Amino acid sequence: MSDARIERTELPDARYEHGGDDHVFVELDESMSFDANFRAMAITQQIRERDIEGINEIAPANASYMVQFDPDVIRPESVLGELREIAAETDIEEYSWETRIIDVPVLFRDPWTHETLMEFRDRHQTPDSTDLEYSAELNGFDSVEAFIDAFVSAPHMVTMVGFVPGLPWCFQMVPQEDQMEVPKYKQPRTDTPSRTIGFGGAFSVIYPVQGAGGYQMYGRTPIEVLDVDQELPGFEESMVFPNPGDILNYRPVDREEYDAVRERVEAGTYEYDTATAEFEPDEFFESPYEYNERLSEVLYE
Amino acid sequence: MATESVTAPMPGVFYRRPDPEEPPFVEVGDEVTEGEKVGLVGVMKNFHDINAPTDGTIAAINFENEEAVEAGDEVIEIETA
Amino acid sequence: MMRILEGGTSTTVQDLGRFGQYHIGMPPSGAMDQFSHRVANALVGNDEDAAALEMTYQGSTIEFTEDAVIALTGAEMPVELDGEPVPMYSAVRVEAGQTLDAEFATEGARTYLAVAGGIDVPEVMGSRSTYTLVGIGGLEGRTLQEGDELPVGDGGADAEAVLGNSVAEERVAGVAPEEGVRVIVGLFDYRLTDESRAELTDAEWTVTPEADRVGYRLEGPELDFVEREQPFGAGTDPSNVVDVGYPIGSIQLPQQPIVVMRDAVTGGGYATVGTVISTDRDVLAQRRTHETVSFEAVTLEEAVEARTARNERLEAIVESLDP
């Protein structure tokens, strides 16, 4: 077990930009870091609590956030002023939250994403190898197995939800030197199977529905992240399952387990395997591998 | 003899074939009957049938497969007996 | 009840939109041309957020099974009621059993059909707007097709007062004005080279056939980004940024520009270089495939003024009509 720490990131001055006359976009850092993301979450939580009249949308992103408002109710400059004020008052030193740790079974090298990735080989960097082979080599692994081991060896935190409803962007909970990075497809695909586990930049994603996509494809999960009819267990409160701040634990499964879980999902009887814990950023940064081990114990014991 | 034109009903992309692997709907010289599908115009991933307005013989096809067309463009000419 | 005999190219039920869910990836949807949508509702005496039909390019053929009062606004579209032409921008009586037949739009892309009482489909998360990608809102979350039946809300039968309503032509914004679409340049515009930054507002952009409710994909000169060492997590292409939320109206640059519209993908990793101001998204939504668009850079102050002017124009129209 590595005793590496995660160094805190000193964030630059935030960059405030007007998106037309009805959006303000705030970039906390150009680069991704847990500090930038936690600050985006803390600030947007504060904005939500202020309940400012005229603000319709409050959307945290990986290292930035955005609000949308009705300019007939509140002027753009006033929104910007409020956001600066909230930012000045928000300190993430003492920021912690109750997190959900979620078991996500994954059939890596599944037949469905394999068929799709072969179909779009002409849009990929390496027409002669698979997305996993390409990613493994690019990140210095000897084999696809070793790459998958690294991909699942530490959990991934949901740092943003969007693109389409329910799609979580997740950042692996390891020091930056241990994080993997891959480019997106050269040209986006017009097709991606639903429930594909993808990876692009330094982010893993789960595609909620079939559709366009540009991330490298590694496997498929039998569980849903979006249920528009809100009929499945776990979707009582929202049609979207993952929330920013949740922690996903990808767990490789074989075809037999994949099919068994899928059958239960389709029958409406699958219950998510989750646990809750108070997430303490300081403790996580101090010894991430040990901290992840503890999270895993909470989930699987 | 008279010629009737088949016009594109909306702006989009003109398709001479149902899909890239299939043969064209019609070639110059083909006999067509009223209502027969002679092409497609695609816009926003919707495909609109273009049908022959009359019985006759295809006299000219003025656009290539996948060429851009405007609403009202005369894409195909049909010679009537 | 409105019975759909032919769906048309892409006809959906839309109101002003669904708000408060962007953070879970849910775009607002709602009318692409909000001005025309509001005028249509005002003409028939509806609340401004009543649901109406948005008919794109080729309109629908609709049989009314009950008396109704309707109004058409937006793109010019020849429409007949049992063979008689129906004027646009007027409240028109429809009798039970009559059939409304809409042709291809001759100018502009989207025509709005409001009916007194509104289209009474169930609300999903506070809105009746259709969002086809995940299939919610409107009628079963999809575009209309033959055989569909749309319920009309109460109040439709007793709309005598609105029957004289019409909007004078000079009050109606042209659906395809020649002037540019105004943008506030910003967000990640600094990522462009100086030449490309100038090109964004100098060039004429052509609307591609893929331009739809999700995004207006445009075609024009190639824009270049300043080379740099990419920030951690962004991805290797110079057009990539660490994934951000996209404002509605923002211009993202995968290679060629895409203006994010109301069924937006809510976020992603392509640099955005400016945002079409709220009033001019209506104008852009009426641009047809193969038509051109140019962007005019404006200040925030000018954008706010444009909004105020639009509100005053809309208010004048609403005040001139019987409620």
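To be clear, the structure that these remarks concern was listed above.
About the thresholds
Residues numbered from 1 in each chain as written. Chains lettered and ligands numbered in written order. Predicted model: local features only at pLDDT ≥ 70, side-chain atom pairs only at ≥ 80, totals over all residues. Heavy atoms only, no water. Contact = heavy atoms within 4.5 Å. Buried area = accessible area lost by both parts, 1.4 Å probe. Salt bridge = Lys/Arg side-chain N within 4 Å of Asp/Glu carboxyl O. Helix = DSSP H or I, 4+ residues; strand = E, 2+ residues; numbered from the N terminus. Nonpolar A, V, L, I, M, F, W, Y, C, P; charged D, E, K, R; others polar. 1 Å grid on protein atoms, 1.4 Å probe; cavity = no way out; pocket = protein on both sides within 12 Å on 5 of 7 lines; lining within 4 Å. Points joined across faces, edges and corners; volume = space filled by probe spheres on them. Pairing = 2+ DSSP bridges. Phe/Tyr/Trp six-rings, centres within 6.5 Å; stacked < 30°, edge-to-face > 60°. Buried < 20%, exposed > 50% of the residue type's maximum accessible area, 1.4 Å probe, protein only. Core = buried A, V, L, I, M, F, W, Y, C linked by side-chain atoms within 4.5 Å. Polar contact = N/O pair within 3.5 Å; in protein donor to acceptor, adjacent residues only side chain to side chain.

Structural notes on the interface of chain A and chain C
Many analyses report the size of an interface as the accessible area lost when the parts associate.
Inference 1: Taken together, the contact between chain A and chain C spans 56 residues of the former and 52 residues of the latter.
Inference 2: Approximately 4200 Å² of surface area, both sides summed, lies buried where chain A meets chain C, with 59% of it carried by carbon and sulfur atoms.
Inference 3: It is Asp21(A), Glu30(A) and Glu57(A) in chain A that bury the most area against chain C; as a group they hold 14% of the surface buried on that side.
Inference 4: Taken together, chain A and chain C are joined by five salt bridges.
Inference 5: Two residues, Asp22(A) and Arg281(C), come together in a salt bridge whose shortest N-O distance is 2.8 Å.
Inference 6: Listing elements by their share of the side of chain A that touches chain C, those giving two or more residues are β1 (15-19), β2 (23-27), β3 (55-60), β4 (64-69), α2 (76-89), β6 (156-161) and β7 (168-172) of chain A.
Inference 7: Broken down by element, the residue count for the side of chain A that touches chain C peaks at five residues, all from β3(A).
Inference 8: Its residues assigned to classes, the side of chain A that touches chain C shows 27 nonpolar, 15 polar and 14 charged.

Section: empty space enclosed by the protein
Inference 1: Taken as a whole, this structure holds seven cavities of 30 Å³ or more when the rule is applied.
Inference 2: Size it by volume and the largest cavity reaches roughly 50 Å³.
Inference 3: Lining the largest cavity are Ala59(A), Pro60(A), Ala61(A), Met160(A), Val161(A), Gly162(A), Tyr22(C), Gly245(C), Thr266(C) and Gly267(C).
Inference 4: Breaking the lining of the largest cavity down by element, the ones donating at least two residues are β3 and β6 of chain A.
Inference 5: Along the lines of polarity and charge, the residues of the lining of the largest cavity split into six nonpolar, four polar and no charged.

Some points on the interface of chain C and chain B
Inference 1: Contacts between the two partners involve 13 residues from chain C, matched on the other side by 15 residues from chain B.
Inference 2: Carbon and sulfur atoms make up 69% of the surface buried where chain C meets chain B, a total of about 1100 Å² over both sides.
Inference 3: Counting across the chain C and chain B interface gives one salt bridge.
Inference 4: The partner of Lys45(B) in a salt bridge is Asp212(C), with the nearest N and O atoms 3.5 Å apart.
Inference 5: Tallied by class, the residues present in the side of chain C that touches chain B amount to four nonpolar, six polar and three charged.

A short note on the sheet that holds strand β14 (residues 215-219) of chain C
Inference 1: Across the sheet, eight strands lie side by side as β20-β13-β14-β17-β16-β19-β12-β21 (chain C); this open sheet has mixed pairing. Where the open sheet ends on each side, the last strands, each with one partner, are β20 (292-293) and β21 (295-297) of chain C.

Structural notes on the packing of aromatic side chains
Residue and element names in this part refer to chain A.
Inference 1: Counting across every chain of the model gives 31 aromatic pairs over all chains.
Inference 2: Relative to Phe279, the ring of Trp97 has its centre 4.9 Å away and its plane inclined at 40°; by these criteria the two rings are tilted. With Trp97 in strand β5 (residues 97-108) and Phe279 in strand β12 (residues 274-279), this residue pair connects regions lying 182 residues apart in the sequence. Taken individually, Trp97 and Phe279 each receive the classification buried, so the pair is uniform in this respect.

Topic: the pattern of salt bridges
Inference 1: Taken as a whole, this structure holds 42 salt bridges over all chains when the rule is applied.
Inference 2: Across the salt bridge formed by Arg128(C) and Asp120(C), the nearest N and O atoms sit 3.5 Å from each other.
Inference 3: The residue Arg128(C) makes a salt bridge to Glu123(C) at a minimum N-O spacing of 3.6 Å.
Inference 4: Owing to a relative accessible area of 47%, Glu123(C) belongs among the partly exposed residues under this scheme.
Inference 5: In the salt-bridge network here, residues are joined through shared partners; they are Arg50(A), Glu82(A), Glu85(A) and Glu89(A).

Brief notes about the nonpolar core
Inference 1: Core analysis: the largest hydrophobic core is formed by 56 residues, its most contacted members being Val39(C), Tyr216(C), Val259(C) and Phe295(C).
Inference 2: The residues touching Tyr216(C), leaving out its near neighbours within four places in the chain, are Met32(C), Arg110(C), Val207(C), Ala211(C), Pro257(C), Ile258(C), Val259(C), Met261(C), Leu284(C), Ala285(C) and Arg287(C).
Inference 3: Counting 40 residues, the second largest nonpolar core, distinct from the first, contains Phe151(A), Ile223(A), Met26(C) and Ile136(C).

Observations regarding the layout of surface pockets
Inference 1: Counted as a void, the second largest pocket has a volume near 880 Å³.
Inference 2: As for the second largest pocket, its lining consists of 46 residues, of which Leu16(C), Gly17(C), Phe19(C), Gln34(C) and Arg38(C) are closest to the centre.
Inference 3: Looking at the lining of the second largest pocket, the elements with two or more residues in it are β3 and β4 of chain A together with α1 (34-43), α3 (278-285) and α4 (300-320) of chain C.
Inference 4: Top contributing element to the lining of the second largest pocket by residue count: α4(C), with six residues.
Inference 5: Its residues placed into classes, the lining of the second largest pocket shows 15 nonpolar, twelve polar and 19 charged.

Things to note about the pairing of strand β2 (residues 10-14) of chain C
Each regular strand shows side chains that alternate between the opposite faces of the sheet.
All names here are of chain C.
Inference 1: Most of β2 sits out of view: five of its five residues are buried.
Inference 2: Judged from the five bridges that link them, β2 and strand β3 (residues 52-56) form a sheet pairing that is antiparallel. Each residue of the ladder has a partner; that of Ser10, found in β3, is Thr56.

What about the environment of Ser31(A)?
All names here are of chain A.
Inference 1: Secondary-structure assignment places Ser31 in the loop between β2 and α1 (34-50).
Inference 2: The class for Ser31 is partly exposed, based on a relative accessible area of 23%.
Inference 3: On a C-alpha basis, the gap between Ser31 and Thr9 in space is 10.0 Å, while along the polypeptide they are 22 residues apart.

Quick word on helix α4 (residues 131-138) of chain A
Residues and elements named next belong to chain A.
Inference 1: Within α4, the full set of buried residues consists of Asp131, Leu132, Tyr134, Ser135 and Ala136.
Inference 2: As for α4, its buried residues are in contact with α3 (111-119), α5 (144-153) and β10 (216-220).
Inference 3: Of the residues one or two after α4, Gly140 is the one with positive phi, at around 75°.

Quick notes on the side chain of Asn62(A)
Inference 1: The residue Asn62(A) is located in the loop between β3 and β4 in this model.
Inference 2: Separated by 2.6 Å, the side chains of Asn62(A) and Thr159(A) make a polar contact.
Inference 3: Residue contacts for Asn62(A): discarding those within four places in its chain leaves Met32(A), Ala36(A), Asn37(A), Thr159(A), Met160(A), Trp169(A), Phe203(A), Val242(C) and Asp243(C).

A few points about the side chain of Thr159(A)
Inference 1: Among the structural elements, Thr159(A) can be located in strand β6.
Inference 2: Look past the residues within four positions of Thr159(A) in its chain and what remains in contact with it is Met32(A), Asn37(A), Ala61(A), Asn62(A), Trp169(A), Cys170(A), Phe171(A) and Phe203(A).

Observations concerning the environment of Pro60(A)
Inference 1: Mapped onto the elements, Pro60(A) comes out in strand β3.
Inference 2: Pro60(A) sits 167 residues away from Asp227(A) along the chain, and the two C-alpha atoms are 22 Å apart.
Inference 3: Beyond its immediate sequence surroundings of up to four residues, Pro60(A) is in contact with Ala40(A), Thr44(A), Tyr65(A), Met160(A) and His23(C).

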